[in-house]
Every structure is written in C-alpha cells, then in structure tokens.
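Remarks on the overall topology
Given next are the chains, with one letter for each unit.
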Amino acid sequence: MHYNKHVVQKNETLKSIAALYSLDPDPLKLFHNNHCPVKDMILIELTGQKEIYMPRTAVTDKDTLVKLGRGNALIFQPEHSFCKYGVVINIESGDSRNELKYEISVRWLRKENRLHFFEIDRISNLYLNEEEVNEIADTLAYKTSKVLYPLQISVDEQGKFNAVENLSVFKERWPGIKEEVYKEFEGETVDRYCQKIEEIIGQPDAMDFYLKNDYFIRTLFSGIYQSFGLNYQIKRTESFPVMNNPIEPKYEVQLKIDPLKDEYDLVNITGEGKLSEERTIYELINEAPFPMIIKDPPEINEAGSCRMQYYLNGKSQLAESVYFEYSIMLKKEKKISVIIAAVSE
C-alpha cells in the first residue's frame, strides 16, 4: 500500500489537514485525486469527503518513519553489533525434504577499506529433521565442519557478502578437530572422510567456493542496503546457490520497502521474482556455464521463482528476521527456503 488515509473530522478543511501533516494543500489535493474514486475527487475545497488519501510518509509521528538516506537509501550501520540467530533451512527436491536447524552468532569486528568484517560462530548442535545428528555420516559432517568456526567474512557497504577472510586458519584448526573425530570413530569410512576434508582445506579456491554457497551467509548478507528510489521499490538481478552449478541461476526480483515502520517498530521489505535464465533446464542440470545455442532474441527460461521477506530492527536497521525461498525446475522441482530469526538473550 503506497498511501495512508486520513478520516475527515468535523470542521476540518483541506488546508487544516495539510497543516496537520506539514504538507502543502495543492500537492495533497493532487495526491488524493490520483488515488481516490472519481466521486471523491476534490475540486477546490472539501465537499463531504469522508477520507483523504495521503502520501505513505505523511504522518504526525515522525518516529514511525524509516531512516532513509539520499535516494531513499537504506543505511547499513552494523558497528559494534552482536546478534544471535536461529536458522532453519529446508531443502526440497521432488518428494524428498530435509530440514536443518542450528543457532549462530554474528559479531561485527571492524571496518576497513569500505568493508565491514564479521565473525560468525555456530553456538548450538546441528539438528536434522528435528533430531540431533547421530548417523555416522551426518555426525562426521557436523564434527568436521567445526573447522570453519569461528568464521570471518567481509561484507560491503550495501550489506552484501564479499569474501571469507580467514581461510588460512582452517589448516591450523584441522589437527585438533581430526583428533576429536578419531576419539569417537575409526575405520576406513572415517579415514576417507578425513582425507577428503584435508584435500578441500588444502585448496583455498575450493574452500572459498564452498563457503560462498552457505545459505545462512547468502541470506543474511544479501545486499539490501541500497537506494529504493522515489517509489520505494527497485528491480534487480539476483543469483542464489539453489542448485549445484558453478554459475548460479539468475532471478529478476522486485524489492519494495515500506517507508513506515510497523506496529512492532520493524522495517518491512518484501521481494518477489522469477527465474530469468538463457540456459535451458538441461543445460543447468549439466552444469553448463552459458547457453550452448545463442538465440536472438534469447529464449528466457522462467521455470523458477523466489520470494523474500525482511523485518529489520527499527532503530539499528539490522535483521530481526529474514525469509528466503528460491525454487527451480530441474528433473524435479528443487526448492531452498531459509528462515533466520533473532534469538533474545
């Protein structure tokens, strides 16, 4: 909704209503006439109108307005922040569905060269389909993933993930993690698993690629701190690791921000979009980085969609909760949904 409504009180005039909201009467009349039914249009003065359509930002309590900068830009100011989040990730493919749950902390470290640096740490056990992981493969995956934490990343001024900053530390941590694993498990399966981990850790490029596909990082640090324009909405191209392909599928997304905070003092941002790929389903499945046949005009594959919802703290404008959902049609529909919610102390 891009407008508010003022209920006309007895003896109110167009001029008095405009003054109440610190507006000029003529622009207010024009706005009302552009939104109201024809029968309620104002010619010179009020003639029995019961409601006046007002700009969304026309409020008597200015504290309810979202703090926006030039060009209605949402401002990223994470300095000295520390947040704990609960994370739920659902991965669906056809009839198969798995749910991961865990808790994680995010601590701001410093700002340097126009980048913000954060430390991310997992602070709970990992739960798979409501049960603490206990199968040997799941437990091995959980135990060995501890080599990643604490994880340090950099984020740009728009709040978008930039890079993993402590790749070299993983090698130093691994001997201790490996010792823990061998205290609990033994055998060829464990040997092969640990060897595979060592190979990945030994290749910084592979490790960097793996971490760039982290659903939590990509959801929380998706780069929403930018200009939303005069109409409080923007269109942009997004990509997300919804499938195994070195070149992520692209989506055309429309993001909208409500310039008014809600009743809970939260900033609301919503987004919807659809797949916008020149690659066919076959090419995506076979990890083709580009379409094999170039067509003019190109045929766009739209067999996928996405939606997102952000609720930001009204004062800090940092995430209180975020919901992401990306889907794509492959042999079966693949869908990833991520829920992140702040955990109170």
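So, here's what we can say about the structure. These numbers come from a predicted model, not from an experiment.

1. Some words on the overall build of the protein
Counting its regular elements, the protein contains 8 helices and 15 strands. Taking the principal axes of its C-alpha atoms as reference, the protein extends roughly 85 × 50 × 40 Å. When each of the 345 residues of the protein is scored for burial, the buried share is 43%. For the protein, the proportion of contacts with a sequence separation of at least 24, taken over those separated by at least 6, is 60%. Only carbon and sulfur atoms are counted for the fraction: they give 50% of the accessible area of the protein, which is about 19,400 Å². Side-chain charges in the protein split into 43 positive and 55 negative, and the spacing between the mean points of these groups amounts to 5 Å.

2. Remarks on the side chain of asparagine 301
Assignment of secondary structure puts asparagine 301 in the loop between α8 (281-285) and β13 (304-313). By relative accessible area, which is 12% here, asparagine 301 ends up buried. A distance of 3.2 Å separates the side chain of asparagine 301 from the backbone oxygen of arginine 279, its partner in a polar contact. Apart from residues lying up to four places away in sequence, asparagine 301 is in contact with Leu275, Ser276, Glu277, Arg279, Thr280, Ile281 and Leu284.

3. Section: the pairing of strand β1 (residues 3-7)
Of the two faces of β1, only the one carrying Asn4 and His6 is buried; Tyr3, Lys5 and Val7 on the other face are not. In terms of strand pairing, β1 meets strand β2 (residues 51-55) through 5 bridges, oriented antiparallel. Bridging from a neighbouring strand, tyrosine 3 pairs with proline 55 of β2.

4. Comments concerning the pairing of strand β5 (residues 115-122)
In terms of residue burial, β5 counts as a mostly covered element, since 6 of its 8 residues are buried. Pairing of strand β4 (residues 96-112) with β5 involves 8 bridges; the strand directions are antiparallel. Looking at the pairing, arginine 110 lines up with phenylalanine 117 of β5. Following β4, the chain reverses through 2 residues before pairing antiparallel with β5; asparagine 113 in that reversal takes a positive phi of roughly 50°. Across 5 bridges, the pairing between β5 and strand β8 (residues 151-155) is antiparallel. Following the sheet pairing, phenylalanine 117 is matched in β8 by serine 154.

5. Some thoughts on the side chain of serine 154
Secondary-structure assignment places serine 154 in strand β8. Classification of serine 154 by relative accessible area gives buried; the value is 0%. Side chain to side chain, serine 154 and glutamate 165 meet in a polar contact 2.7 Å long. Aside from chain neighbours lying at most four places away, what touches serine 154 is Leu115, His116, Phe117, Lys160, Phe161, Asn162, Ala163 and Glu165.

Definitions and limits used
- Residues numbered from 1 in each chain as written.
- Predicted model: local features only at pLDDT ≥ 70, side-chain atom pairs only at ≥ 80, totals over all residues.
- Heavy atoms only, no water.
- Helix = DSSP H or I, 4+ residues; strand = E, 2+ residues; numbered from the N terminus.
- Buried < 20%, exposed > 50% of the residue type's maximum accessible area, 1.4 Å probe, protein only.
- Contact = heavy atoms within 4.5 Å.
- Areas by Shrake-Rupley, 256 points an atom, 1.4 Å probe, with all protein chains shown as cover.
- Lys, Arg positive; Asp, Glu negative; His and termini not counted.
- Charge placed at Lys NZ, Arg CZ, Asp CG, Glu CD.
- Polar contact = N/O pair within 3.5 Å; in protein donor to acceptor, adjacent residues only side chain to side chain.
- Pairing = 2+ DSSP bridges.

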